[in-house]
Every structure is written in C-alpha cells, then in structure tokens.
Amino acid sequence: MFARNLQIANELEQLALLLEIDEANVFKIRAYKEASRVIRSFESPLSSIVQLDGIKGIGPGIKGVVDSIIKGEEPEELKKMRKKIPPSLLEIARLPGIGPKSLKTLWQNDILDLETLERKAKEHQLRDLPGFGAKSEFKILSDLELYRGHKDLYVGGEALEVALALKEKLLEFNEVGRVEITGELRRYEPLVSQIELLVEKKPGLNEKLLLESLGIIEKDGKMYLIAGYRVQLHFVAPENFGSELLKTTGPGEFVGHFREVSSEDEEEKVFISANYNFVPAELRHAKKALNFLSEELPQLVELADIKGDLHMHSRYSDGAVTINEMASSAKSLGYQYIAICDHSRSLTIARGLTPERLAEQGREIEKLNEELEIKIFKGTEVDILKDGSLDFPEETLAKLDWVIASIHSNFKMAKSEMTQRLIKAIENPYVRAIGHISGRLLAKRSGYEFLWDEILKACKDTGTVLEINATPDRLDVPWEMLEACLESGVKIVINTDAHSPQGLRNMIWGVMTARRGLVPKEQIINTYSLEEFTEWLKHKKA
C-alpha cells in the first residue's frame with residue numbers, strides 16, 4: 001500500500017469507528033468503511049479526488065473528506081467526532097475484540113483509558129457491564145500485556161511504504177545524493193521501532209530546514225512524522241556512505257564482528273576490506289550470519305523464483321476486485337498461475353461462499369482459463385471449525401484443484417485440543433495446505449498454542465504444505481519456526497492472501513520471511529513451474 005493511501009484509509013476508518021461508537025447512520029458508517037477498503041487497495045498513490053470519479057459508493061461527501069486529508073487538513077466531520085468522543089478511547093480500540101458497542105459501554109461508564117480499563121478488570125468490575133463477562137476481564141488483561149509490549153512498534157510492511165515515500169521526497173532535494181532505507185526495515189524485521197534512512201549529503205545541505213520541509217517534528221527528544229511514525233535520518237558524507245550503511249543496518253552483534261569498519265563509499269567494499277563474504281541484510285540477524293562471513297551462503301529462495309500465488313481473494317467474498325483483475329495483475333508480475341481461495345460459508349463477516357456460489361465461481365474460472373494467458377486454479381480457503389471438521393463437505397472440496405484450510409475463530413483452546421483440531425484438518429484428503437497456522441496478528445494478537453512437533457509430523461506424514469502468509473501483519477509461519485519445518489522435511493508455500501492487486505506485491509515480505517528462516521528454493525512449492533505444480537497436484541495425499 002502507498003503511504004498516502006494508508007494515511008487516508010486510516011483516517012476514514014477512524015471516522016467510521018467514531019461514528020459507529022456514536023451510533024450514527026449505519027449506511028454512512030458502511031460507506032466510510034468501504035471507501036477505506038477501496039483506497040487501501042488503490043493501484044496508485046492518491047493525489048487528487050478526481051482519481052475517485054466513477055467508483056461505486058464514493059460520493060461527494062466522502063470525496064470532500066478525502067480532499068481535506070490530501071490537502072493536509074483535518075476533515076470537519078472528523079474534527080467534530082474527535083471533540084465529542086474522548087481520544088483515549090481510540091487507544092482502547094486497538095485491543096482485539098473490543099468493538100464499537102463495547103467502546104460505547106465503556107464510554108458511558110467513564111472507562112476512558114487503558115489504566116482505568118486494567119484496574120476495573122483486575123477488580124472484576126467489568127463483568128457486570130453489558131457485553132462483558134468474567135472471560136472478557138481475563139482476555140483484556142492478557143491483551144493489555146501484549147499491547148504494551150508492542151505499542152511503540154510498527155508493522156514492517158506498513159512502515160516500509162512510508163519509508164519509500166519519504167525516500168522519494170528526499171531524492172527531490174538537490175543537496176541530497178543517495179538515500180537508502182536502513183535499520184530494522186532493511187533487515188525486513190516484522191515489527192520495527194522506527195523508520196531509518198541513510199542520506200548522502202551534498203554541500204549546502206541544511207539539515208534543519210530539510211526536516212521541517214518533510215514535516216518531521218521533535219517530541220521528547222525523538223523525531224516523528226506528522227502521521228505518527230518515529231523516524232531517524234542519518235546524514236553522511238559520500239565517502240562514508242557504505243560504512244555507515246553497514247553500521248546502521250545492524251544488528252549490533254553482526255556489526256561488532258568487524259574489528260574495524262573501514263570508511264568506504266559502498267557497503268560491499270567494507271566486506272572486501274575485512275576479507276569477508278557479503279551477507280544480505282535480511283540474514284544478518286540469524287545465528288549463522290557470522291558463519292556466512294567465511295562460508296558459502298545456501299541457495300535461498302528469491303522473489304524471482306516465485307511462479308505463482310496460491311492464496312488470494314476476489315469480490316466473491318471480501319476481495320476488492322474481480323477474478324479477472326486479480327489474474328491480470330498476477331500475470332503482470334510474471335506469474336504462471338494463481339489460485340482463487342475465497343472464504344467458506346461460516347465466515348459471514350467476509351461474505352463466505354456457499355457450495356452453490358463456489359460452483360458458480362468455478363464456472364467463471366473455467367471460462368477465464370480459456371481467455372487468459374495465466375492458469376487459474378479453483379480453490380477455497382475453507383474454515384477449520386472448532387472440532388477440526390471443515391466448513392465444506394468433502395464432495396464440494398473434491399471438485400476443487402487446491403484447498404487451503406485456516407482457523408478464523410475459537411482461538412482460545414487448550415494446546416492439546418488445538419493440536420488435534422489442526423491435525424484433523426491436516427489429515428483431510430483434500431486439504432493441500434494449512435494457512436497462517438499460528439493465527440497471530442502482529443502487535444494485535446498472539447497466536448494460539450499447539451504442539452509444533454505433532455503438527456509437523458502430521459504434515460510430513462500426509463504431504464500437507466504449510467503456508468508462509470505474506471500479509472505484513474501475519475508473516476505466518478513465523479521465521480523462527482521455519483528451521484523446524486526444514487528439519488522435518490515439510491514443504492512450504494508462500495502466499496500473499498491478497499484481497500486486491502496491490503496486495504499481491506506483499507510477496508516480497510513472504511520471500512524475505514523465508515530467507516530469514518534460511519529456506520531454500522526447492523522446499524517451496526510455488527517456485528515450481530506450471531507444469532511441475534500441475535504434476536505435483538496429481539499426486540494424492542498420503
């Protein structure tokens with residue numbers, strides 16, 4: 001997603017939430033939510049409301065709000081709602097599972113900040129409020145602990161879009177030479193504490209004026225963008241650009257292995273001067289990173305190796321565009337095949353498909369396969385229900401090319417029960433892959449618990465694949481668990497779970513997650529050519 005679009009979408013989403021807390025017109029709320037979703041999936045940076053002409057559901061009112069945001073102004077309706085509803089209530093809204101109705105209840109009971117919420121939960125004073133209970137108190141306390149550990153962190157994928165926009169602006173200045181994203185973002189850390197850029201300064205550069213022109217402000221001794229991201233710009237002379245790039249990329253343990261970092265204009269020269277092999281930034285966190293300085297790197301997967309994306313959504317469920325548009329966008333990325341995996345019927349919030357609508361979609365896919373130069377596999381992201389059964393009967397699944405099974409509900413189960421739930425799905429003869437297996441949402445929700453060894457054994461025994469979900473707030477399988485996958489011989493598929501053409505570009509985060517986990521190309525099934533993958537599909541599960 002583009003940084004400007006992200007800002008606009010977030011503002012519209014906040015306005016919708018505030019209106020919903022205030023119990024405003026439901027159609028108005030829905031319109032703002034839909035506009036936010038559309039703008040998140042926009043294929044280009046939004047710089048004028050003219051770009052919104054002809055888009056269903058975006059009328060003059062929403063255009064006016066968007067126009068204000070584009071101009072750097074606070075929309076009048078948003079200003080009004082921010083005055084009416086305590087701003088601290090929005091911080092409570094960041095806790096998972098606390099929706100508009102619950103927020104309204106808290107507001108009415110003068111519970112307006114996290115400290116009061118925590119105190120009331122500990123004193124068991126929430127359970128008597130409408131919509132709350134004893135379980136709610138326990139969950140809120142658990143979620144608060146997670147939130148406080150991550151509240152000053154940003155999802156890497158979103159921060160990267162902001163960093164790219166900032167880099168583009170920096171390069172417009174005549175007094176600025178090279179600019180590189182550095183720090184945690186350059187290492188593709190899932191969560192980052194700040195946006196860092198290395199800026200090559202030319203004669204005449206006024207750093208203070210530059211920061212002001214970029215809208216960077218100081219707060220408590222730290223620098224922030226107006227949008228809220230903490231940012232650090234490292235200004236450096238051309239002759240030291242390479243050495244400073246190494247130092248600022250980190251992590252400290254890796255950089256510390258260089259007894260002396262020579263002053264060089266290119267980073268690769270620093271490695272050569274130290275008589276070391278070059279180690280890509282995304283690998284420098286690994287335990288084996290220091291070994292790679294003197295040993296040959298393994299042949300890890302690269303973005304160019306990906307031949308298809310086997311988990312994406314269309315308008316049939318909660319996607320933003322048609323199957324044709326998703327397929328055409330995938331084709332433009334050089335893919336040979338895709339799988340459309342819309343949600344199954346129990347996920348009503350995502351407009352899950354009935355077997356009848358799934359069959360209708362299948363007929364459309366067959367027609368498109370006759371017209372397009374990319375293969376579309378008929379698939380589904382079928383829900384794994386609480387007892388491990390699937391949301392579609394086997395006779396429905398048998399008609400599909402590709403089935404990915406995922407958990408979207410009932411996260412709070414005993415470890416043994418969750419393990420058996422997953423294993424039952426893994427053992428289904430039609431399930432070829434398990435989606436976002438830990439269920440985590442970075443900085444929002446920790447994953448559910450299960451026994452990894454038993455899951456890996458079941459996957460290996462049945463030939464079931466595990467997905468690395470490349471959605472930036474998932475990145476699941478977590479890279480830390482990929483070593484165990486490799487050792488067990490379980491195959492991997494890297495998917496974007498895209499709900500729009502823009503979402504397809506998140507594949508880089510899936511690939512980098514795999515690289516951070518040292519996954520070789522041959523372990524990943526969507527590096528197979530269309531012919532190889534089609535042949536792989538012919539082999540039934542064990």
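These notes cover the structure that comes with them. These figures come from a predicted structure and were not determined experimentally.

## Here we look at the overall build of the chain
- Within the chain, the regular secondary structure consists of 23 helices and 14 strands.
- Scaling as 2.2 N^0.38, a compact globule of 542 residues should have a C-alpha radius of gyration of about 24 Å, and the chain matches this with 24 Å.
- Each of the three principal axes of the chain carries a C-alpha extent, and together these read 70 × 60 × 55 Å.
- The 542 residues of the chain split such that 53% are buried.
- Sequence-distant contacts in the chain: of pairs separated by 6 or more residues, those separated by 24 or more amount to 69%.
- As displayed, the chain offers around 25300 Å² of accessible surface, 49% of which is attributable to carbon and sulfur atoms.

## Here's the deal with the sheet that holds strand β2 (residues 176-182)
- If you walk across this open sheet you meet the 3 strands as β2-β4-β7, and the pairing is mixed. For this open sheet the edge positions go to β2 and β7 (231-236), each flanked by a neighbour on one side alone. Strand after strand, the sheet turns through a mean of 20° between neighbouring axes, direction not considered.
- Pairing geometry for strand β4 (residues 195-201) and β7, over 6 bridges, is parallel. Pairing of Glu 196 across the sheet is with Gln 232, part of β7.
- Of the strands in this sheet, β2, β4 and β7 are in contact with helix α9 (residues 156-170), which crosses β4 at around 15°.
- Along the sheet, helix α12 (residues 241-249) contacts β2, β4 and β7; its crossing angle with β2, the most-contacted strand, is approximately 25°.

## Some thoughts on the nonpolar core
- Judged by nonpolar contacts, the single largest core of 59 residues is most densely connected at Leu 422, Ile 434, Ile 437, Leu 466 and Ile 494.
- The contacts of Leu 466, once residues within four sequence positions are left out, are Ile 434, Ile 437, Trp 452, Leu 456, Cys 459, Val 477, Cys 485, Val 490, Lys 491, Ile 492 and Val 493.
- With 42 residues, the next largest nonpolar core counts Ile 8, Leu 12, Val 66 and Ile 140 among its residues.

## Concerning the pattern of salt bridges
- Under the counting rule described, the total for this entry stands at 31 salt bridges.
- As a salt-bridge pair, Lys 71 and Asp 67 come within 3.0 Å of each other at their nearest N and O atoms.
- Under the relative-accessibility criterion, Lys 71 is labelled exposed at 54%.
- Relative accessible area serves as the criterion here: at 22%, Asp 67 is assigned to the partly exposed category.
- Note that Arg 119 and Glu 123 form a salt bridge whose closest N and O atoms lie 4.0 Å from each other.

Here is what the cut-offs are and how they apply
Residues numbered from 1 in each chain as written. Predicted model: local features only at pLDDT ≥ 70, side-chain atom pairs only at ≥ 80, totals over all residues. Heavy atoms only, no water. Helix = DSSP H or I, 4+ residues; strand = E, 2+ residues; numbered from the N terminus. Rg over C-alpha atoms; globule rule 2.2 N^0.38 Å. Buried < 20%, exposed > 50% of the residue type's maximum accessible area, 1.4 Å probe, protein only. Contact = heavy atoms within 4.5 Å. Areas by Shrake-Rupley, 256 points an atom, 1.4 Å probe, with all protein chains shown as cover. Pairing = 2+ DSSP bridges. Axes fitted to C-alpha atoms, helices over the stretch in contact; angles between N-to-C directions. Core = buried A, V, L, I, M, F, W, Y, C linked by side-chain atoms within 4.5 Å. Salt bridge = Lys/Arg side-chain N within 4 Å of Asp/Glu carboxyl O.

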